[in-house]
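Okay, here's what each chain looks like letter by letter:
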Amino acid sequence: MKKYSDRELIAFGLDPKRIPKHVAIIMDGNGRWATAKGLPRAAGHRAGVNALKDIIRFTSDVGVESLTLYAFSTENRKRPKDEIGILCGLLIEYFNREIDELHENGVRIKSIGDLSWFPMAVQETVRAAEKKTADNPGLKLNIALNYGGRAELLRAMKLAFSESAEPNETAISRFLYTADSGDVDLLIRTGGEARVSNFLLWQIAYAELYFTDVKWPNFTREELIKALRDFAGRDRRYGGLKPNGAK
Ligand code: IPE
Ligand code: IPE
Ligand code: MG
């Protein structure tokens, strides 16, 4: 929930009128972060999980309404079994450790993607976190788990067509996992790659894209502030023209 006053936001170098409503992050670079330090990839994933706390907190405190995090893609199922096992373990550990604080801060947790693929222990942990926080009024935190943008779209289209033979864009949007968060305003990808890797394909149609070489474990609130400042400086025209005299 928004904590900072406009004056405080300005002190961070942020424009209170240009805080994105919906931020999405492709949290990439954990493995390379670890390898560069001579550590196993698992250490990178652990460091990546530790980076979450401050980013979620700060996102909420500056008044972003929705934060959608890419934690595990449908394509990540191709990874070695032991790495997947480590990620599942970290996920459970994370929720057990953080759920009370997230709840106290009014965060509403929702997983997006096909959770049924995961081991029962993961499903139960995530469902319990969703249930506990379902009525919270603060930051809408969507966590993409076994998520693929094309799979999401296919699902939404099937549901929309089952309702009407000629669904419109609004109808399809209603059946996306992120329906109540709306379109993405700012998409951040850490880790140096400039691609979207099957994330939120429909929702990023007019998102501002921000790519940084910083690897996810090193993505601090200072890095997030840079991204938010960059966003505030973008001229969002949506295909139209700048209104006369607009800055
Ligand atoms: C992102 O980090 C986390 C997941 C995809 C689960 P990576 O594991 O992709 O890290 P790199 O890209 O190999 O450095
Ligand atoms: C994207 O990262 C998925 C997540 C961050 C969860 P990847 O590391 O899987 O993406 P690619 O393989 O580089 O496209
Ligand atoms: Mg990667």
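Basis of the calculations
- Residues numbered from 1 in each chain as written.
- Chains lettered and ligands numbered in written order.
- Predicted model: local features only at pLDDT ≥ 70, side-chain atom pairs only at ≥ 80, totals over all residues.
- Heavy atoms only, no water.
- Helix = DSSP H or I, 4+ residues; strand = E, 2+ residues; numbered from the N terminus.
- Rg over C-alpha atoms; globule rule 2.2 N^0.38 Å.
- Buried < 20%, exposed > 50% of the residue type's maximum accessible area, 1.4 Å probe, protein only.
- Contact = heavy atoms within 4.5 Å.
- Areas by Shrake-Rupley, 256 points an atom, 1.4 Å probe, with all protein chains shown as cover.
- Lys, Arg positive; Asp, Glu negative; His and termini not counted.
- Charge placed at Lys NZ, Arg CZ, Asp CG, Glu CD.
- Axes fitted to C-alpha atoms, helices over the stretch in contact; angles between N-to-C directions.
- Parallel < 35°, antiparallel > 145°, perpendicular 65-115°, else oblique.
- Left-handed = near helix turned anticlockwise from the far one by under 90°.
- Nonpolar A, V, L, I, M, F, W, Y, C, P; charged D, E, K, R; others polar.
- Near = heavy atom within 4 Å.
- Polar contact = N/O pair within 3.5 Å; in protein donor to acceptor, adjacent residues only side chain to side chain.
- Core = buried A, V, L, I, M, F, W, Y, C linked by side-chain atoms within 4.5 Å.

A. Representation of the overall build of the chain in the model. Assigned secondary structure in the chain consists of eight helices and six strands. Reading the chain from its N end, one meets helices and strands in the order α-β-α-α-β-α-β-α-β-α-α-β-β-α. Computed over its C-alpha atoms, the radius of gyration of the chain comes to 18 Å, within 12% of the 18 Å expected for a compact globule of 247 residues. Taken along its principal axes, the extent of the C-alpha atoms in the chain is 60 × 50 × 35 Å. Out of the 247 residues in the chain, the part that is buried amounts to 49%. Long-range pairs, those at least 24 residues apart, make up 76% of the contacts in the chain between residues at least 6 apart in sequence. Here the chain displays about 12700 Å² of accessible surface, and carbon together with sulfur accounts for 52% of that area. Charge centroids of the chain, computed over 38 positive and 33 negative side chains, lie 2 Å from each other.

B. Region of the structure containing the packing of helix H4 (residues 81-104) against helix H5 (residues 120-133). Where H4 meets H5, the closest approach of the two axes is 9 Å, and the angle between their N-to-C directions is 15°. As the angle between them shows, H4 and H5 are arranged roughly parallel. Where H4 crosses over H5, the handedness of that crossing is left-handed. Between H4 and H5, the contacting residues are Cys 88, Leu 91, Ile 92, Phe 95, Asn 96, Ile 99, Asp 100 and His 103 on the first element and Ala 121, Val 122, Thr 125, Val 126, Ala 129, Lys 132 and Thr 133 on the second. In the contact of H4 with H5, the residues fall into nine nonpolar, four polar and two charged.

C. Summary view of the site of ligand 1. Contacts to ligand 1 come from Met 27, Asp 28, Gly 29, Asn 30, Gly 31, Arg 32, Arg 41, His 45, Ala 71, Asn 76, Arg 79 and Leu 87. Residue Gly 31 places a main-chain N or O atom 2.9 Å away from an oxygen atom belonging to ligand 1. The side chain of Arg 41 places a nitrogen or oxygen atom 2.8 Å from an oxygen atom of ligand 1. Of all the secondary structure elements, the ones that give two or more residues to the shell around ligand 1 are helix H2 (30-36) and helix H3 (41-61). When residues in the shell around ligand 1 are grouped by element, the largest group, three residues, is from H2.

D. Seen up close, the nonpolar core. Ranked by size, the top nonpolar core spans 48 residues in total, and within it Ile 25, Ile 56, Val 62 and Ile 188 carry the most contacts. For this core, the secondary-structure elements that each account for two or more residues are strand E1 (22-26), H3, strand E2 (66-73), H4, H5, strand E4 (140-147), strand E5 (186-189) and helix H8 (221-232). The element best represented in this core is H4, accounting for nine residues. In contact with Ile 188, other than residues within four places in its own chain, are Val 23, Ala 24, Ile 25, Ile 26, Tyr 210, Phe 219, Leu 224 and Ala 227.

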